[in-house]
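Remarks on the overall topology
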Amino acid sequence: IPAILGTVQVSFCLALSVKYQRMPRRESYDQTTAGLLCVTLYKMFLVSYRMLCLAVFASLYRGYLILLLFTHSLIMLLWILYLDSSFSSSNHEEIAFNFTVAMLKAFTFVNVSPGRSRNRVVLYHVCLNVENVVIGTVWYYKTVNDVEYGLIVIVSMGALYLVGILIKTLYYTCCHPTKLQKQGPMKQEMSVLYKNKGGPMINNPIKDNAHL
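Throughout this document, residue positions are counted from 1 along each chain, in the order its sequence is written. In keeping with the model being predicted, local features are shown solely for residues with a pLDDT of at least 70 and side-chain atom pairs are shown and tallied solely at 80 or more, while totals for entire chains, interfaces and linings include all residues. Hydrogens are left out, water is left out, and the side-chain values use all remaining heavy atoms of the structure.

Our next topic: the overall build of the protein. The helix and strand labels rest on DSSP assignments: H or I over at least four residues marks a helix, E over at least two residues marks a strand, and numbering proceeds from the N terminus. Across its full length, the protein carries 7 helices and 0 strands. In the protein, the succession of α and β elements from N to C terminus is α-α-α-α-α-α-α. Only protein chains enter the area calculation, which uses a 1.4 Å probe; residues under 20% of their type maximum are buried, those over 50% are exposed, and those in between are partly exposed. Here the protein holds 212 residues, and 40% of them are scored as buried. Put simply, of all contacts in the protein between residues at least 6 apart along the chain, 75% involve residues at least 24 apart. For accessible areas, the Shrake-Rupley method is used with a probe of radius 1.4 Å. Any residue's cover is judged against the shown protein chains and nothing else. Carbon and sulfur atoms form 70% of the exposed surface of the protein, whose accessible area is close to 12500 Å². Two residues qualify as a contact provided that any one of their heavy atoms is within 4.5 Å of a heavy atom in the partner residue.

Here the aromatic set is Phe, Tyr and Trp, taking the six-membered ring for Trp, and pairing holds for ring centres within 6.5 Å; pairs whose planes are under 30 degrees apart are stacked, those over 60 apart are edge-to-face, and all others are tilted. This structure, assessed with the given rule, holds 7 aromatic pairs. Relative to Y161, the ring of Y49 has its centre 4.9 Å away and its plane inclined at 50°; by these criteria the two rings are tilted. A residue pair is termed long-range when its members are at least 10 positions apart, and Y49 in helix α2 (residues 33-60) and Y161 in helix α6 (residues 147-175) qualify at 112 residues. Here Y49 matches Y161 in class, with each residue buried. Of the aromatic side chains, those joined through ring pairs into one cluster are F57, Y61 and Y64. A ring has a charge above it when a Lys NZ or an Arg CZ is no more than 6 Å from the ring centre and no more than 35 degrees off the ring normal. One residue, K105, lies across the ring of W79, its end atom 4.5 Å from the ring centre.

Note on method: axes are straight lines fitted to C-alpha atoms, helices fitted across the in-contact stretch only, with angles between N-to-C directions ranging 0 to 180 degrees. With their axes 9 Å apart at the nearest point, α2 and helix α5 (residues 118-143) run at an angle of 40° to one another. On the basis of the axis angle, α2 is oblique to α5. The two elements α2 and α5 cross, and the hand of that crossing is left-handed. The segment α2 lies against α5, with L46, Y49, R50, C53, V56, F57, S59 and L60 engaging H125, L128, N129, E131, N132, I135, V138, W139, K142 and T143. Residues of the contact of α2 with α5, tallied by class, amount to 10 nonpolar, 5 polar and 3 charged. The labels follow the angle: roughly parallel below 35 degrees, roughly antiparallel above 145, roughly perpendicular from 65 to 115, and oblique for the rest. Left-handed is the label given to a crossing in which the near helix is rotated counterclockwise from the far helix by less than a right angle, and right-handed is the label when the rotation is clockwise. Three classes are used, and their members are as follows: Ala, Val, Leu, Ile, Met, Phe, Trp, Tyr, Cys and Pro are nonpolar, Asp, Glu, Lys and Arg are charged, and the others, Gly among them, are polar.

For I135, the position within the fold is in helix α5. For I135 and L54, which are 81 residues apart along the polypeptide, the C-alpha to C-alpha distance reads 8.1 Å. In this view, I135 contacts C53, V56, F57 and L68; residues no more than four positions away in its chain are not counted.

Next up, the structure:
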């Protein structure tokens, strides 16, 4: 139960980060309640999928779990540095932020770089799934004496991932804020009016986190 509650809390926090990263951007629509729920759900299933794979790895090579997470996080950190997140003008804050995101990426995708993130999402999922498939395959053939139990675990991994991807697809099809742009230019009109009245403009250094 604590693990489930922890996964739900982490997923909800990640969903809130998507919502609040969009709010300062005047060219984008705010996250809806339905969208927030969808992001929370698909994050929850995808994080659960990753956690189950790591639990399987720990049951086989407990002493190497930290090494696996460290190596994965280090690769993610190098990727973040290559993409240049530009989160803060302070070097200390930027370093702390990059390390935090790198550790999060050991469990789920977090987009912190400007521009479209579709290719980065695909690359991340391909690498993560290769890693998880190797873990699951080695675990199954090395430790499972009960074939039925092994199949239940492997099927559970696949089911968690597929449900997460299905909910994510539903989110981008029906609940993503950009879909609201086809319904009317209300937010853009209000933004222009607000700007003309001399209201403060807020710049978000994380320019595009639509695929978080």
